[in-house]
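Take a look at the letters that make up each chain.
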Amino acid sequence: MQRIFIAIFSLLLLSCNSHAQDSKNQKEYPVSKSEAQWKAELSPAAYKVLRQKGTEKAFSSELNRIEQPGTFVCAACGNELYETKNKFESGTGWPSFDRPVSESNVDYRPDRTGGFPATEVVCAQCGGHLGHVFNDGPKNTTGKRHCINGVAMNFLPESDNR
Ligand SMILES: [Zn+2]
């Protein structure tokens, strides 16, 4: 009986290990660079968020205050992520949007690292970590709250795009 128990326990351990390996096997994204390349190209703060899933300090980003029309692009690869027209004041201290430019411009991954189930938002072009999406957004629109690190994005005012 004890042996069976040990065998089951070993199987459980094995399956846990294979899950850990799965999460390390990163999906291939169209823009793919080595960690050394990213580190050389990005600011230390942007690298920490985009490549190491860090979170910037609340209210630290200049992008929080942006109200003029324009597009927020990925600081790592330039992919268009969010637009001012979908930005709202969430009071959290992080730029918040009720939807991305297009659902195909971002990718979602389950994230349990915070001790509770959450959904990570990453750039669909380079796989860079952007933030998380929650279901407590504006009820009159999508109900989603994309809580995004400002340091992971650059803002392009609409007038500059033309
Ligand atoms: Zn990107």
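The rules behind each value
- Residues numbered from 1 in each chain as written.
- Predicted model: local features only at pLDDT ≥ 70, side-chain atom pairs only at ≥ 80, totals over all residues.
- Heavy atoms only, no water.
- Helix = DSSP H or I, 4+ residues; strand = E, 2+ residues; numbered from the N terminus.
- Buried < 20%, exposed > 50% of the residue type's maximum accessible area, 1.4 Å probe, protein only.
- Contact = heavy atoms within 4.5 Å.
- Areas by Shrake-Rupley, 256 points an atom, 1.4 Å probe, with all protein chains shown as cover.
- Pairing = 2+ DSSP bridges.
- Donors = N, O, S within 2.8 Å, 3.2 Å for Na, K, Ca; no water.
- Tetrahedral: all angles 85-135°; square planar, octahedral: opposite > 155°, others 65-115°.
- Axes fitted to C-alpha atoms, helices over the stretch in contact; angles between N-to-C directions.
- Core = buried A, V, L, I, M, F, W, Y, C linked by side-chain atoms within 4.5 Å.

## Let's talk about the overall build of the chain
Helices and strands together make up the secondary structure of the chain, namely four helices and nine strands. Moving toward the C terminus, one meets the helices and strands of the chain in the order α-α-α-β-β-β-β-β-β-β-β-β-α. Per-residue burial over the chain gives 40% buried out of 162 residues. Considering only residue pairs separated by 6 or more positions, the chain has 55% of its internal contacts joining residues 24 or more positions apart. Carbon together with sulfur atoms contributes 54% to the accessible area of the chain, which is approximately 10,200 Å² in total.

## Re the pairing of strand S6 (residues 118-123)
Along S6, five of the six residues are buried, which leaves the element largely enclosed by surrounding structure. Two successive antiparallel strands, strand S5 (residues 106-111) and S6, enclose a turn made up of six residues, where Gly-115 displays a positive phi of approximately 90°. Judged from the four bridges that link them, S6 and strand S7 (residues 129-134) form a sheet pairing that is antiparallel. Within S7, the position partnered with Thr-119 by the bridge is Val-133.

## Remarks on the coordination of the zinc ion
Taken together, the protein donors to the zinc ion comprise Cys-74 (SG), Cys-77 (SG), Cys-123 (SG) and Cys-126 (SG), at separations of 2.3 to 2.4 Å. For the zinc ion, the four donor atoms in the first shell make angles of 99 to 115° at the metal, so the coordination geometry reads as tetrahedral. Mapped onto the sequence, the donors of the zinc ion take the spacing C-x2-C-x45-C-x2-C. Residue Cys-77 is found in the loop between strand S1 (70-74) and strand S2 (80-83), and its partner Cys-123 is found in strand S6; the two are separated by 46 residues along the sequence.

## Some words on the sheet that holds S2
Spatially, S2-S1-S9 is the arrangement adopted by the three strands of the open sheet, whose pairing is antiparallel. Each end of this open sheet is capped by a strand with a single partner; those strands are S2 and strand S9 (153-157). Across this sheet, the average inter-strand angle for adjacent strands is 30°, counted without regard to direction. Where S1 meets S9, five bridges bridge the pair, whose relative direction is antiparallel. By the bridge assignment, Thr-71 is partnered in S9 with Leu-156.

## Considerations on the sheet that holds strand S8 (residues 145-148)
Judged by pairing direction, the sheet is antiparallel, and its six strands sit side by side in the order S3-S4-S8-S7-S6-S5 without closing on themselves. Edge positions in the open sheet fall to strand S3 (87-88) and S5, since each of these has one partner strand only. Bridge analysis of S3 against strand S4 (residues 96-97) gives two bridges, and the strand direction is antiparallel. Looking at the pairing, Lys-87 lines up with Phe-97 of S4.

## Concerning unusual backbone geometry
With phi around 55°, Lys-53 is a residue other than glycine that occupies positive phi space. Relative to the assigned elements, Lys-53 resides in the loop between helix H3 (44-50) and S1. The phi angle at Phe-59 is positive, at roughly 65°, despite the residue not being glycine. Tracing the chain through its elements places Phe-59 in the loop between H3 and S1. Under the relative-accessibility criterion, Phe-59 is labelled exposed at 57%.

## Quick notes on the nonpolar core
Core analysis: the biggest nonpolar cluster contains 24 residues, and Leu-50, Phe-72, Leu-81, Tyr-82, Leu-130 and Met-153 have the highest contact counts within it. Elements supplying a minimum of two residues to this core: H3, S1, S2, S6, S7 and S9. It is H3 that provides the largest number of residues to this core, a total of four residues. Those residues in contact with Tyr-82, other than ones at most four positions away along the chain, are Gly-70, Thr-71, Phe-72, Phe-97, Arg-99, Pro-100, Val-101, Val-106, Val-121, His-146, Ile-148 and Met-153.

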